[in-house]
Structures are given as C-alpha cells and as structure tokens.
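Descriptive analysis of the structure
So you can see what is in the structure, the chains are spelled out below.
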Amino acid sequence: VDTRPPVLTVRQAEAARLEWEATDDHLGPTPVTVETRWPNGKWQPISRKYNARDGHTWTRLRADDPLEVRVIARDKAGLESVSRVFTLPGRGDGS
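All figures in this text were calculated on a predicted structure; none of them were measured in a lab. (Residues numbered from 1 in each chain as written. Predicted model: local features only at pLDDT ≥ 70, side-chain atom pairs only at ≥ 80, totals over all residues. Heavy atoms only, no water.)

On to the overall build of the protein chain. When you go through the protein chain residue by residue, the secondary structure sums to zero helices and eight strands. Each of the 95 residues in the protein chain was classed as buried or not, and the buried ones make up 35%. For the protein chain, long-range pairs separated by at least 24 residues make up 57% of all intrachain contacts whose partners lie at least 6 apart in sequence. On the protein chain, the mean spot of the 15 positive side-chain charges and the mean spot of the 14 negative ones are 3 Å from each other. (Helix = DSSP H or I, 4+ residues; strand = E, 2+ residues; numbered from the N terminus. Buried < 20%, exposed > 50% of the residue type's maximum accessible area, 1.4 Å probe, protein only. Contact = heavy atoms within 4.5 Å. Lys, Arg positive; Asp, Glu negative; His and termini not counted. Charge placed at Lys NZ, Arg CZ, Asp CG, Glu CD.)

In structure tokens:
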C-alpha cells in the first residue's frame, strides 16, 4: 500500500522559468500539474500535464502584475505534494 506522497523539488531557473523533479515509486507518465494565478485570483491549472522531470517558461506575463505559480506532483494512489508558491515578476514595462 502506497502511503507516501511524491518527493517534489522545484527551482526558479530564470525569472520566468521553473524546473522540477518529482520522484516516487508509483508515478504515472505525466504526474505533474502546474497552477497559476494573478493577484487576488483563483488557482487555474495549465491545460497540459508534465513529466516528472520537466520545466515551463512563461512568455506572456502582464506588464505590472506578478504571476503566482505552484507545482503539484500526484502519484497513482492520489497522494500529492505541492510546491511553495513562486512569484514571477511582471514585465515591468508599463504597457
């Protein structure tokens, strides 16, 4: 019986890029979900699933609003680990 959630390591590789690695003996083929929210918004999943070792770069950030991002790894038993919230800066160009 699986009682342990995946181990999830996430790092902010660049201002608008996160990279992660999830490890667990019971991961499916695409066990990672990425969720985002704008200030005062609701968490929304990105419409694709990711590999256990993967990353994502954001290219369409708003001018002055930071984007909050979290990464979730879920194993086949439904156990999950959630990363801390990462804040990606807005473009800062006022446009």
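With that out of the way, let us pick up the packing of aromatic side chains. One pass over the full model with this rule turns up one aromatic pair. Taking 5.2 Å as the distance between ring centres and 90° as the angle between the ring planes, the aromatic pair formed by Trp-20 and Tyr-50 counts as edge-to-face. Pair noted here: Trp-20 is in strand β2 (residues 17–23) and Tyr-50 is in the loop between β4 (44–45) and β5 (53–57), with a separation of 30 residues, a long-range link. The exposure class of Trp-20 is buried, given its relative accessible area of 3%. Judged by its relative accessible area of 0%, Tyr-50 falls in the buried class. Between Arg-84 and the ring centre of Phe-86, over which it is positioned, the NZ or CZ distance is 3.8 Å. (Phe/Tyr/Trp six-rings, centres within 6.5 Å; stacked < 30°, edge-to-face > 60°. Lys NZ or Arg CZ within 6 Å of the ring centre and 35° of its normal.)

So, on to the side chain of Ser-81. With respect to the helices and strands, the residue Ser-81 is situated in strand β7 (residues 80–82). From its side chain, Ser-81 meets the backbone oxygen of Pro-6 in a polar contact 2.4 Å long. (Polar contact = N/O pair within 3.5 Å; in protein donor to acceptor, adjacent residues only side chain to side chain.)

Here three strands make up an open sheet; going across it, the order is β1-β2-β5 and the pairing antiparallel. This sheet does not close on itself; its edge strands, each paired only once, are β1 (7–14) and β5. Averaged over all adjacent pairs, the angle separating strand axes in this sheet is 20°, with direction ignored. Where β1 lies against β2, seven bridges are found, and the strand directions are antiparallel. By the bridge assignment for β2, Glu-14 is matched with Arg-17. (Pairing = 2+ DSSP bridges. Axes fitted to C-alpha atoms, helices over the stretch in contact; angles between N-to-C directions.)

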